[in-house]
Amino acid sequence: MTTATATPTATEAATTAAADSPTVEILGPDGWLPVCTLDRLSPGRGVAALLPDGTQAALFTDRAGRAYAIGNRDPFTGAQVLSRGLTGTATGRPYVASPLLKQRFDLANGECLDDPSVSVPTYSVRTRGGA
Amino acid sequence: MAAAASPTSARTDRPTIVLIGHGMVGQRFLEALAERGVTETSRVVVLCEEPRPAYDRVQLTSYFSGRSAEELSLVERDFMDRHGIELHLGDPAETIDRAARTVTARSGLTVGYDTLVLATGSYPFVPPVPGKDSTGCFVYRTIEDLLAIEEYAKNVTTGAVVGGGLLGLEAAGALTGLGLRTHVVEFAPRLMPVQVDDGGGAALRRTIEDMGVTVHTGVGGKEITAGEDGAVTGMELSDGSRLDTDMVIFSAGVRPRDQLARDCGLEVGERGGIVVDATCRTPGDTAVYAIGECALACDGRVYGLVAPGYEMADTAAAAIAEQDTDGFTGADTSTKLKLLGVDVASFGDAHGASEGALDVVYCDSRAGVYKKLVVGADGTLLGGVLVGDAEAYGMLRPLTGSVPPVSPEQLVLPAGAGAPVALGPSALPDDAVICNCHNVTKGTIRGAVTEHSCTTVPEVKKCTKAGTGCGSCVKALTSLVNDELEASGVIVDKGLCGCFPHTRAELYEVVRTLRLASYEELLASHGRPEARDGDGCEICKPAVGSIIASLAPSVGADGYILDGEQAALQDTNDHFLANLQRNGSYSVVPRIPGGEITPEKLIVIGEVARDFGLYTKITGGQRIDLFGARVDQLPLIWSRLVDAGFESGHAYGKALRTVKSCVGQTWCRYGVQDSVRMAIQLELRYRGLRSPHKLKSAVSGCARECAEARGKDFGVIATSNGWNLYVGGNGGADPRHADLLAQDLSHAELIRLIDRFLMFYIRTADRLERTSAWLERIDGGLDHVRDVVVHDSLGLCDELEALMAAHVHHYRDEWAETLNDPERLARFVSFVNAPEAPDPSVRFTPERDQIKPDLTLLAGPTLPVRTLESVRPLEGTSAR
Ligand code: SRM
Ligand SMILES: Cc1cc2nc3c(=O)[nH]c(=O)nc-3n(C[C@H](O)[C@H](O)[C@H](O)COP(=O)(O)OP(=O)(O)OC[C@H]3O[C@@H](n4cnc5c(N)ncnc54)[C@H](O)[C@@H]3O)c2cc1C
Ligand code: SF4
Ligand code: FES
C-alpha cells in the first residue's frame, strides 16, 4: 500500500506550474487579475478562480485554445460548480453543462441554452507572456 | 331557464351540465366539452364515485407491473381548474329527480341541471354461486380492487379466476405475477369465447398453460367453500371435481350500471343498459344523455370497450354544443389482448358470420400460432383472429372492409414461409383507422407530421391522441411516423447525440476494431460533419470515455481514466473520483467487498469521518458513505483510507458498484453455499469495470434470497448443487426481477458466464441503459442473450472472456494511482489561483449530531461576499 507521508498535497502540485506557459488573466472589478498559466487549462474542462471581491469565476478553454470565463455559480441550484461541468458545442456555440442538473450555459455570453430567461455573468479573458 | 332553488348548490345564470361518473368515458366527455368551448358557457359539475379522478382502466393490470396510480391518471393536473369544472370525488349520485331536474349525491349535495349525462360504466357480474361473499372473493374493475387483491395475495399461495375471457386472462396474468399458483375456470369450451374460434382457443390455451396457468374449460364454479374463519378454501366445479384455492376473482362479464336510470323511470333494455338514440340522448327525456358502458346504443348493443364509449362521448358533447354529428350508430369491437407474453387479437367479423364469408387459416400447433382471416367472396377482408403472433394486427385491422393489396395467404403466413410481403403501413389508404381507441386515421397521423411538424412519436401521440388508449396501435403508428418523416426528408436519427450519427454499440465497434482510443480522433473521423471541429458534448464525451475505459487494455489506452485527453471526457464525479452533492461538496464511498468489514477498518472509517467532520451513513448497498468533503479534502481523506487498505468504491462511476451478500452457509442455518466468499470474489473481479450504466450484483446463500439478488443486474443464488445465475434485475424507478440465465453452475462456470454476460452487455447496450432495459430491448431478449453467452451462437465467447481477463489483469485502484502522482493531484483544489483557500460557499449546519449542507448560503441572487483575504487557508485536516 502507498504510504500517506510520501503523498504530495494537492496544493504543492497545483503551485508547480511550468514557467514558459502564458498567463491567463480575467478582467475583474479591479482590473486584470492573473489567474493561472495556460497549461493548467485542458480543453473541455474548467477550473474555478476566486476573485478579489469574493465572487467565483469558472475558466475554460476550447479545442482551438480560446479561453472563456463565466460566473461559477449555477443559478439553478446556487452551488458554485459550473467550473466542474463538461463543455461542448451546440450549433456553433461553446457551452458548459452544469454538473448538477445539466442545464447548459453559453461560454461566450452566459446565456442558458435551455432557458433563455436565465443567464450567468461573463468575464473578459486574455493571455499574456509565455515562451 | 327556471332558477329552482337547490339547498346546497345554487343555480347560476349559466346552464348547468351534470356528469354522473368520472370514468374513462366521462373524462373523454369533459375533454370534448372543453374542446367545443362548452365549459366556458356552461357550469359543469361532476359526481365521481371513486376516490380518485378518471384513470386508465384499460391499462389497469399494468399497475401490477409497476405503473403507479398517478401514472394511470387520465386527467392532466390543472384540467379541472383550467376549465372551471367542479369535481366531487368519492361522492356518488344517489337519486335523480327528473321533474325538479336535480341530482342528489351521497353527501347530501343536490345539484340542479339543465343537462344530465350518465356515464356510470358497468359493474362486474358475480354469478349467484353459494359462498360468493366469502373472504378472499374479489372482482377486477377498479384500482381499489387491485389494491385489495394485492394485499390478500401476500398471505396465500393459490388463486382461481372465474371466467376465461379477456379480463379473466388479464386477472390470471396478474395473479401469476403476484407469485400465486393460478387457475382459470371457463364455462365455454374454449378461452376468450367471444373473440376467438375453436382453433384460436386451442392455441391460446397452450400459450396460457405455458405461462404456468392451469386452464379448466367447459366447467363452471358451483360453490365456493370457506373455512371456519369465513375465508375461501376452494371451489366445487360443475363436473363434480374440486379445486383448492385461497382466493377467487370473478371475471364473468359486466353489466351496465343503470340502476339510477331505472329508479327515475328512464327506459332500460331487457338485459340492461340505458336506452339512447343516435345522439346518445334518452328518448324519454331530452335533458338526459347516457354514454359509455352504461348505455344501450341505438343498434341495440351495449359496448364493453373504450373506443365506442369515446365515440359516444364525442357524439353527446357535439349534440350538447348543438353541433352537427354523425351520431353513434355502432362500432368496431376489435381487441388485442395486452397480457404480457401472449399475443392475441381479434378484429372485424372474427367468427365469419357474414353471408358468404370464407376462411383462410394458418395453424402451427407446435408453436402455438393460429391465424385466421375472414374474407368475403369478392376478396374483401372482413375480420380475423390472431393467436400466438399478432404482429400483423396493426396492419390488418385498418385494412378491414377493403380488398387487401396482396392475397390473404400472404397476410397470414409467417415471415419467410411464403413470398415476401412488402406490406407496411404505406400500403394503407389514408382513411384507414390506425388508432381505434381515438378513431385516428392514417391521414390524420400523416398530417401531424407534414402539417403540424411533429418529428417524434411522442409528439404525434400528443397531437393526435393516437396510441394513448390501449396502446395496441403504437407499433403501426411508429412505423407510419417514421415512414412519413423519411418521406419528408427527415432522417430518423438513431445517433447517440448531435455529434455522432452512431449508436453507442456502433461506436464501441469502431473503437474496438480501429483501436481508436482518442475522442478527438473519433470525432474528427466519425463525427457528424457539422460537429467535427467542435468541442463535442456532455452526452458523447462520457459515453466514449466509458467505451475507451472498458476496452482500455485491448485498444492500447491507459486503464487510468484521468490521464491526458481521457480526463476531459469524464463526468464531474469521475473527474474527482467522488460524488458531487447539491452544495458542491463531495461524498466518499470506500469499497467494502461483499459488505464484509473488519472492526479495524470500521474504526478507520469512523476516525476519518470524525477528523474531517463528515456526515456518515450506511448505504443501501452494504457500505458506508461519508458526505460533505470539499474537493481539496478528497486527497487527504483518501490517503488515510488507502493507507488502511481501502480502495475506491466507484460510487461515482458507471461501473461495478457493490456485490451485496447475505451471511450464507458459514453462519446461517439455511445456507447451502458460502455466499459471502462468492460475493467478495465477484466484487474483486469486476471492480473498476466501466459499463454503459452502473452494475450491481448480489449473492444469496439459499432460495430465501436475503441479499435480494433478483433485483440486481447479475444476481447469484446458491442451490445445493451450485449456483443459479439471474440477469437483468433492477431496483430504482422501474423495478424488474432478474431472469434465470443458467442453473446449478459450478464455481468456474458461474464466473465464466458472468464474464461473458457483462462483456456482451458492455458491447451492445445503449448509453445509460441498465441491463434490465437492454434485455427488454434487444432482439430476441433473454433467449438471444442465452444463445450468445451460454451456447456461443455468435462465436464471440472467447473474445468476451479475453476482454474480461484483460480487465481483471490491468485493474489498479484509481485512488492509489491518483495519490501517487502530483500531476493527477493538481485538480483537487477549490480555486486555481488560490489553491490554499477552501471554497467559502461550502458550509454546513448541525443536524442530529452530524452536519448537513447549509443551503441558505446558496439561495438568493448573489452569495454573501467574503473577500480573498478573509478566507483562511486550510489548517491541518479538521477544517470544520
Ligand atoms: C448512497 C445511496 C443511498 C443510501 O443512502 O443508501 C445512493 C445514492 C445515490 N443514488 Fe442510488 N444510492 C444507493 C443505493 C441504491 C439502490 C439500492 C442498492 O443498490 O441495493 C438502488 C436500487 C437498485 C438499483 O440500482 O437497481 C439505487 C437506485 C438508484 C438509481 C435508479 C437506477 C435505475 O436503474 O432506475 C439512481 C439514478 C441513476 O443511476 O440514474 C441512483 C442514483 C444515486 C445517486 C448517485 C444520485 C446522484 O447522481 O447524485 C446518489 C448519490 C450517492 C452519493 O452521492 O454518494 N440510485 N440506489 C446508496 C449507495 C449504495 C452504495 O453503497 O453504492
Ligand atoms: C382490467 C380491464 C381491462 C380492460 N381492457 C380493455 C381493452 O383492452 N380494450 C378496451 O376497449 N376496453 C377494455 N376495458 C374496458 C374499459 O375499461 C371500459 O370500456 C371503459 O372503462 C368504459 O368507460 P366508462 O366511462 O363507460 O366506464 P368506467 O370507466 O367504468 O367509469 C364509470 C365510472 O362511473 C362511476 N359511477 C358509477 N355509478 C356512479 C354514481 N352513481 N355516481 C357517481 N359515479 C358513479 C364508477 O365508479 C366509475 O368510476 C377493460 C376493463 C378492465 C376492468
Ligand atoms: S439467503 Fe438463505 S443463507 Fe442467506 S441469510 Fe437468507 S436464509 Fe440464510
Ligand atoms: S388503438 Fe388503442 S391506443 Fe390506438
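Residues numbered from 1 in each chain as written. Chains lettered and ligands numbered in written order. Predicted model: local features only at pLDDT ≥ 70, side-chain atom pairs only at ≥ 80, totals over all residues. Heavy atoms only, no water.

(A) Highlighting the overall build of chain B. When you go through chain B residue by residue, the secondary structure sums to 28 helices and 39 strands. Within chain B, the fraction of its 880 residues that count as buried is 55%. A separation threshold of at least 6 residues defines the contact pool for chain B, and within that pool the share at least 24 residues apart is 62%. (Helix = DSSP H or I, 4+ residues; strand = E, 2+ residues; numbered from the N terminus. Buried < 20%, exposed > 50% of the residue type's maximum accessible area, 1.4 Å probe, protein only. Contact = heavy atoms within 4.5 Å.)

(B) Helix α23 (residues 747-764) of chain B, seen in detail. Under the 1.5 Å per step criterion, the end-to-end length of α23(B) is 26 Å for 18 residues, consistent within 8% with the ideal 26 Å. Along α23(B), 13 of the 18 residues are buried, which leaves the element largely enclosed by surrounding structure. (Expected span 1.5 Å × (residues − 1).)

(C) Structural context of the packing of aromatic side chains. All names here are of chain B. Under the counting rule described, the total for this entry stands at 15 aromatic pairs over all chains. Seen from their ring centres, Phe760 and Trp774 are 5.8 Å apart, and the 70° between their planes marks the pair as edge-to-face. Of the two residues, Phe760 is situated in helix α23 and Trp774 in helix α24 (residues 771-777); the sequence distance between them amounts to 14 residues. Classification of Trp774 as buried rests on a relative accessible area of 0%. Considering the side-chain rings of Trp815 and Phe828, the 5.3 Å spacing of their centres and the 40° angle between planes classify their relative orientation as tilted. You can see Trp815 sitting in helix α27 (residues 814-819) and its partner Phe828 sitting in the loop between α28 (822-825) and β38 (844-847), a full 13 residues away along the chain. With respect to class, Trp815 is no different from Phe828; both count as buried. (Phe/Tyr/Trp six-rings, centres within 6.5 Å; stacked < 30°, edge-to-face > 60°.)

(D) Highlighting empty space enclosed by the protein. All names here are of chain B. For the structure on display, the rule yields four cavities of 30 Å³ or more. Its volume calculated, the largest cavity comes out at about 230 Å³. Of all elements in the fold, only α17 (540-555), α26 (797-810) and α27 reach the threshold of two or more residues within the lining of the largest cavity. Ranked by residues supplied to the lining of the largest cavity, first place goes to α17 with four residues. (1 Å grid on protein atoms, 1.4 Å probe; cavity = no way out; pocket = protein on both sides within 12 Å on 5 of 7 lines; lining within 4 Å. Points joined across faces, edges and corners; volume = space filled by probe spheres on them.)

(E) Examining the site of ligand 3 more closely. Taken together, B:Cys662, B:Val663, B:Gly664, B:Cys668, B:Tyr670, B:Gly671, B:Gly701, B:Cys702, B:Arg704, B:Glu705 and B:Cys706 form the complete shell of residues around ligand 3. When grouped by side-chain class, the residues that make up the shell around ligand 3 number six nonpolar, three polar and two charged. (Near = heavy atom within 4 Å. Nonpolar A, V, L, I, M, F, W, Y, C, P; charged D, E, K, R; others polar.)

(F) Fine view of the UniProt feature "binding site: [4Fe-4S] cluster" (unreviewed entry) in chain B. Residue and element names in this part refer to chain B. Residues annotated in UniProt with the feature "binding site: [4Fe-4S] cluster" (unreviewed entry) correspond here to Cys662, Cys668, Cys702 and Cys706. In terms of the greatest pairwise C-alpha distance, the residues named above, spread along 45 residues, form a tight cluster of at most 10.9 Å across. Structurally, Cys668 is set in the loop between β33 (656-661) and α22 (675-686). Exposure remark for Cys668: the relative accessible area of 29% places this residue in the partly exposed category. Among the residues examined, Cys706 registers a relative accessible area of 63% and is labelled exposed. (UniProt positions renumbered as here; feature names shortened; annotations may be inferred.)

(G) Representation of the side chain of B:Arg763 within the structure. Residues and elements named next belong to chain B. Tracing the backbone shows Arg763 in helix α23. Here the side chain of Arg763 touches Glu799 through a polar contact of 3.3 Å, side chain to side chain. Excluding residues that lie within four positions of it along the chain, Arg763 makes contacts with Arg504, Ala505, Tyr508, Glu509, Arg512, Leu796, Glu799 and Leu800. (Polar contact = N/O pair within 3.5 Å; in protein donor to acceptor, adjacent residues only side chain to side chain.)

(H) Layout of the pairing of strand β16 (residues 247-250) of chain B. Residue and element names in this part refer to chain B. Burial of the side chains of β16 extends over both faces: Met247 and Ile249 are buried on one face and Val248 and Phe250 on the other. Both strand β9 (residues 137-139) and β16 contribute to a ladder of three bridges, which runs parallel. Bridge pairing links Phe138 to Ile249 in β16. Bridge count for strand β10 (residues 158-162) against β16 is four bridges, and the pairing is parallel. Residue pairing across strands places Gly159 opposite Met247, the latter belonging to β16. (Pairing = 2+ DSSP bridges.)

(I) How the structure looks around the packing of helix α13 (residues 457-464) of chain B against helix α14 (residues 474-487) of chain B. Residues and elements named next belong to chain B. Their axes nearest at 10 Å, the elements α13 and α14 cross at an angle of 110°. Relative to α14, α13 is oriented roughly perpendicular. For the element pair α13 and α14, the recorded crossing hand is right-handed. Across the interface between the two elements, Val457, Val460 and Lys461 from α13 touch Val474, Leu477, Thr478 and Val481 from α14. Partitioning the contact of α13 with α14 into residue classes produces five nonpolar, one polar and one charged. (Axes fitted to C-alpha atoms, helices over the stretch in contact; angles between N-to-C directions. Parallel < 35°, antiparallel > 145°, perpendicular 65-115°, else oblique. Left-handed = near helix turned anticlockwise from the far one by under 90°.)

(J) Seen up close, the nonpolar core. Residue and element names in this part refer to chain B. Core analysis: the largest hydrophobic core is formed by 67 residues, its most contacted members being Phe500, Leu682 and Leu725. Top element by residues in this core is α23. It accounts for ten residues. Per-domain counts for this core show at least three residues from each of domain 4 (504-570) and domain 5 (579-810). Once you skip the residues sitting within four places of it in the chain, Leu682 turns out to touch Leu656, Val659, Val699, Phe714, Val716, Ile751 and Ile754. (Core = buried A, V, L, I, M, F, W, Y, C linked by side-chain atoms within 4.5 Å. Domains from an automatic or database assignment.)

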